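The residues making up each chain are set out below.
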Amino acid sequence: MSNRPYDPHAIEEKWQAAWDAEGLYSVTEDPDKPKKYILEMFPYPSGDIHMGHVRNYSIGDVVARYWTMRGRNVLHPIGWDAFGLPAENAAIKSSTHPAEWTYANIDKQAASFKRMGFSYDWDRTVKSCDVDYYRWGQWIFLKFWERGLVERKKSAVNWCPGCKTVLANEQVIGDGVCWRCKSVVEKRDLEQWYFKITDYAQELLDDLDTLTGWPERVKTMQANWIGRSEGAEVDFELCNASGEPGGETITVFTTRPDTLFGCSFFLLAPEHPLVSTLTEGTAHADAVQAVVRATARETAVERASGEAEKLGAFTGRYVINPVNGEKVPVWVSNYVLMEYGTGAVMAVPCGDERDFEFARKYGLPIPPVVLAADDPLLSELGTVADRVMDDVPWDEAFAGDGVMVQSGAFTGMAGGKDSEGMRAVTEWLASEGRGRFSVNFRLRDWLISRQRYWGNPIPAIHCPVCGLVPVPEDQLPVVLPKDVDITKGETLADHPEFYETTCPACGGAARRETDTMDTFTCSSWYYFRYCDARNDEALFSRENADYWMPVDQYIGGIEHAILHLLYSRFFTKVFADMGLTAAREPFTNLLTQGMVKKDGETMSKSKGNVVAPEDMIARYGADALRAFILFMAPPDKDLDWNQDGLEGMYRFLNRVWRYVEDVAGGGATPVDASDDPARALLRERHRVAGKVTEDIERFSFNTALSAMMELLNAATDYHRTVDDDARDGALEREVAEVLTLLIAPYAPHMAEELWREVLGHPGSVHREAWVTFDEALAAADEVEIVVQVNGKVRGKVVVAADADEATVREAALNVPRVAEQIEGLTVRKVVVVPGKLVSVVAG
RNA sequence: GCGGGCGUGGCGGAACUGGCAGACGCGCUGGAUUUAGGUUCCAGUGGGGAAACUCGUGGAGGUUCGAGUCCUCUCGCCCGCACCA
């Protein structure tokens, strides 16, 4: 056999073309074959691929190829999340059209993905900016509207000055900055479109428990984000300007109705609509307005941090506490958020740290109503139902579980969250018609409209007569016009040809909606579309969705822990309720891959520390790059890029190549393995095959690769140390085949070349069945036992693998070093761990 | 403040359910081949010690015949959430 050098570039180009021509990775639905849907988050076509892409898609490719070899019908698609702001920014900068920029980038990225040898079914590719794709996004919008899940309302929304558009709550991250451009987000009062994701809040929370294949971290983040609180709504009657009960009520949400007797003031958010109504023209107006203005000046960062000083002003008005009829003063304060609950709060300073701080600052009473079991006040107040004490000798509030005091008929009951007292007070309120059990969520509805051009047009029409009218289904799609001059910053709102229309209901002149949809709406359903990507009759067929969905393995970045993953879960649940799919959850298993860094920092053009994957491919080939990035670290951990290691992986591939070339000709005789070195190699072959299989299934690609290195080391040692005429050629060839099969998911091009051209098989290695292994052959017939005396290793002894305990014990005690150590001592205990060690306790 | 994660050689990492800590790779040292270097191959490579041994998984305790792994406390770093009533 003539030994050719390993030439990754020639091999990779050759097989990429061949696979394309053979349609090797095209997949069709086959009800007789068990399916696996392996999916990586589709990329935004930002230009050149980066190492994060290489890592993400290499992980997915190994998993996809592995399951194909395991006989599954594998769906492994790719596409582009192609609407979005970077295209507009690039267009403004370089005077190209966003479409031109986007499609050019997609072509570039697709070429890179092909050079990486990823096993995608290219026939199912989607691009979210294609009309054939986004028309279905519009269709979904209409269906959501029909189901009452679309709403247009005015409220205080997040405005990103950098992106010049509004953002959903989920898209404001960290300290109140835009997820995309990191500008500090501002609040604006605007009328916007929403998807009512809050209708699904409970189910989105509950079903997290069913996602056993998701990282705890992601589930915790989603649960926190949804933020369910149990408590009660309590109605307070508002007094009129002269302080008399006036009939109007203000409702608050509280998790602690048991503390209602300790409510010594009442708070409104500065943005609350009642604030100006109550104070306008009164002596309190100036002080209240000062608080309102000061709050408006606070940035989101300051307000959210909890560090902003608590400001307040009395409105001059009172409410009636429903449990005791007391008049409670109404204040305005910046620590009350309009977005949460009702924008109004009953303040109980003895039981809430914030209320306590506020009460101390403004000299408001702090009557104790729940006392800790060991509180000295308890002996004095334990059975006192009436208010006798109006302040506490404490430095901070007591928010824990305790005993209710000064609480009328409820005195003596257990107080706290989800307590006897909490339920009793709420039931009493309910019987009086002044309150009710209630659940409150932190999750807000999803603001989906964007004041940008490069997105999916919202299919709605504003008619001066009929109001909001959906675009009729048969008039879809609303095509995004090409001739908007984006370089001048134009949007659809600057384009009369687009927005001038007629009302579908009354036929009169009307204005088309000019906002586009959040790009996250496009990415919330693409995995359904892959099931039936070329269907032009429907979003997808139920049959195909039932075959493929849910996605068995989803792979992507942790940055979407809430955003994309929450939205997609929401869409799937609505689809299920629409009868489009049986799946109520889109992604059965989730792997969140770590970031690829350089010298501890994220790679970025501005830092000038970007390592270009294309350069690495050019030097070492795609196979070495793929295998190396998986070898560097477990997939969910961040990794720091290191060029030297890549060279090491290239060396390893070269060694595999040479070994297979060297031994490929040894196939004529059956495997004999009758002598010790051959048996040892055969054992290693079975052990490693088992380990690599196990490791792939638990995403331990780094240890899978190191096991392959061990097999190669054992094989080359055998080849080198055993004489030519004593070597088991059939065994060597088998090891070569096993190695080729095991490495195929990682280095698909090299494996294919070795399999077909060197080992001489007619078909693709990637259609071959996965390596089998035999536990019995992997087991050694002799094992080395470690002997410990008083916890320290004192000797080793080789015994038969199936030796009984007494034999092992005997052998261990007879090891010279061991016998020496225990001489003159009493052996008190001997622990025998079969196959591992013997521990002797002597003294 | 609450929730989650992580601390192992010069570096990346391994040790899955408590059982020889440091697999595998990088780097380094020495050697062989070629010799111009590189490639390739062999040997070595946690610290201390000539050796027997001994010390070693952020730190301090504990459980156990035996702890990187379990428990308690503690230090450091990272991430998420946070005036959510």
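Residues numbered from 1 in each chain as written. Chains lettered and ligands numbered in written order. Predicted model: local features only at pLDDT ≥ 70, side-chain atom pairs only at ≥ 80, totals over all residues. Heavy atoms only, no water.

## Quick look at the overall build of chain A
Cut-off, in case you're wondering: Strands here are runs of E lasting at least two residues and helices are runs of H or I lasting at least four, both read from the DSSP assignment and numbered beginning at the N terminus. Exposure is judged per residue with a 1.4 Å probe applied to protein chains only, and the accessible area is read against the type maximum: over 50% gives exposed, under 20% gives buried, and values in between give partly exposed. By the convention used here, residues are in contact when the closest approach between their heavy atoms is within 4.5 Å. His is not counted, nor are the chain ends, whereas Lys and Arg count as positive and Asp and Glu as negative. Each charge is placed at NZ for Lys, CZ for Arg, CG for Asp and CD for Glu.
Assigned secondary structure in chain A consists of 28 helices and 36 strands. Its C-alpha atoms give chain A principal-axis dimensions of about 110 × 90 × 50 Å. Across the 843 residues of chain A, 55% fall into the buried class. In chain A, of all internal contacts separated by at least 6 residues, the share reaching a separation of at least 24 is 72%. Computed over 88 positive and 129 negative side-chain charges, the separation of the two mean positions in chain A equals 2 Å.

## Things to note about empty space enclosed by the protein
Condition: The rule is simple: put a 1 Å grid over the protein atoms alone, call a set of points where a 1.4 Å probe fits but cannot get out a cavity, call an open set with protein on both sides within 12 Å along at least five of seven lines a pocket, and count a residue as lining if it has an atom within 4 Å of a point. Grid points are joined across faces, edges and corners, and a volume is the space filled by probe spheres set on the points. Throughout this entry, Asp, Glu, Lys and Arg are counted as charged residues, while Ala, Val, Leu, Ile, Met, Phe, Trp, Tyr, Cys and Pro are counted as nonpolar. The remaining residues, Gly among them, count as polar.
Applying the stated criterion across every chain yields a total of 2 cavities of 30 Å³ or more. When its volume is computed, the largest cavity comes out at roughly 120 Å³. Looking at the largest cavity, it is lined by 16 residues, and the ones nearest its centre are L85, R180, R450, R452 and T519. Sorting the residues of the lining of the largest cavity by element identifies α3 (85–94), β6 (165–167) and β27 (516–517) as the ones contributing at least two each. The class makeup of the residues in the lining of the largest cavity is 5 nonpolar, 6 polar and 5 charged. Empty space within the second largest cavity amounts to approximately 40 Å³. Residue lining of the second largest cavity: G137, I140, F195, N456, M517, T521, C522, W525 and F571, and that is the complete set. Secondary structure elements with two or more residues in the lining of the second largest cavity: α5 (131–146) and α15 (519–522). Here the lining of the second largest cavity is composed, by residue class, of 6 nonpolar, 3 polar and no charged.

## A closer look at the packing of aromatic side chains
Our working definition: Ring pairs shown here join Phe, Tyr and Trp side chains whose ring centres sit within 6.5 Å, with only the six-membered ring taken for Trp; geometry is labelled stacked below 30 degrees between planes, edge-to-face above 60, and tilted in between.
With the rule as written, the count across this model stands at 59 aromatic pairs. Between the aromatic rings of W80 and W122, the centroid separation amounts to 6.4 Å while the plane-to-plane angle is 25°, which identifies the pairing as stacked. Of this pair, W80 sits in strand β3 (residues 79–80) while W122 sits in the loop between α4 (98–116) and β4 (126–127), and the two are 42 residues apart along the sequence. On the basis of relative accessibility, which here comes to 1%, the residue W80 falls in the buried class. Residue classification places W122 among the partly exposed residues on the basis of a relative accessible area of 22%.

## Thoughts on the confidence of the model for chain A
Here is the rule we go by: Each residue carries a pLDDT score, the predictor's own confidence in it, on a scale running from 0 to 100.
On average, residues of chain A score 92 in pLDDT, and 98% of them are at 70 or above. Among the prediction metrics, the complex's ipTM stands at 0.94, with pTM recorded as 0.94.

## Digging into the sheet that holds strand β9 (residues 186–195)
How we decide: DSSP-based pairing: two strands are paired if at least 2 bridges between them are found.
Pairing within the open sheet is antiparallel, and its 4 strands lie in the order β6-β5-β9-β20. Only two strands of the sheet have a single partner each, and these edge strands are β6 and β20 (446–447). Two strands pair when backbone bridges link them, and strand β5 (residues 150–160) and β6 are joined in this way by 3 bridges, in the antiparallel orientation. Bridge pairing in β6 links N158 to L167.

## Let's talk about the layout of surface pockets
In this model, the second largest pocket occupies a volume close to 280 Å³. Looking at the second largest pocket, it is lined by 18 residues, and the ones nearest its centre are L24, T68, R72, V74 and R767. Listed by contribution, the elements that provide at least two residues to the lining of the second largest pocket are α2 (51–69) and β2 (73–75). When residues of the lining of the second largest pocket are assigned to their parent elements, the largest contribution, 4 residues, is made by α2. Here the lining of the second largest pocket is composed, by residue class, of 6 nonpolar, 7 polar and 5 charged.

## Things to note about the environment of A168
Its location among the elements puts A168 in the loop between β6 and β7 (172–173). Measuring from C-alpha to C-alpha, the distance between A168 and R450 comes to 9.6 Å, with 282 residues separating the pair along the chain.

## Remarks on the pattern of salt bridges
This is how the line gets drawn: In what follows, salt bridge is the name for a side-chain nitrogen of Lys or Arg lying within 4 Å of a carboxyl oxygen of Asp or Glu.
Counting across every chain of the model gives 54 salt bridges. Between D235 and R436 there is a salt bridge, with its nearest N and O atoms 2.6 Å apart. With D235 in strand β10 (residues 228–239) and R436 in strand β19 (residues 435–441), this residue pair connects regions lying 201 residues apart in the sequence. Shared partners join several salt bridges into a network, and the residues in it are E203, D207, R569, K573, D577, R584 and E585.

## Points about helix α24 (residues 729–743)
Spelled out, the test is: Multiplying 1.5 Å by the helix residue count minus one yields the expected span of that helix.
Given a rise of 1.5 Å per residue, 15 residues ought to cover 21 Å, and the 21 Å separating the end C-alpha atoms of α24 matches this to within 8%. Here α24 lies mainly inside the structure; 13 of its 15 residues are buried.

## Side note on the pairing of strand β35 (residues 827–833)
Looking at chain direction, β35 and strand β36 (residues 837–842) are connected through 6 bridges and run antiparallel. Note that in β36 the partner of K829 across the bridge is V841. Connecting β35 to the next strand, β36, in antiparallel fashion are 3 residues, including G835 with a positive phi near 75°.

## A short note on the packing of α24 against helix α25 (residues 748–758)
Counted only if it meets this: Fitting a line to C-alpha atoms yields each axis, with helices limited to the stretch in contact; the angle taken between N-to-C directions then spans 0 to 180 degrees. Should an angle fall under 35 degrees it is taken as roughly parallel, and over 145 as roughly antiparallel, whereas 65 to 115 is taken as roughly perpendicular and any remaining angle as oblique. Left-handed describes a crossing in which the near helix is turned anticlockwise from the far one by less than a right angle; the clockwise case is right-handed.
With their axes 8 Å apart at the nearest point, α24 and α25 run at an angle of 150° to one another. In this view, α24 runs roughly antiparallel relative to α25, as classed from their interaxial angle. Judged by the sense of rotation from one axis to the other, the crossing of α24 with α25 is left-handed. Counted together, E737, T740, L741 and I743 of α24 and M750, A751, L754 and W755 of α25 form the full contact between these two elements. Along the lines of polarity and charge, the residues of the contact of α24 with α25 split into 6 nonpolar, 1 polar and 1 charged.

## Let's talk about the sheet that holds strand β26 (residues 509–512)
Within the open sheet, the 4 strands sit side by side as β24-β23-β26-β25. Their pairing is antiparallel. Edge positions in the sheet fall to β24 (467–470) and β25 (500–502), since each has one partner strand and no second. Averaged over all pairs of adjacent strands, the angle between their axes in this sheet comes to 40°, without regard to strand direction. By the bridge criterion, 4 bridges tie strand β23 (residues 460–463) to β24 in an arrangement that is antiparallel.

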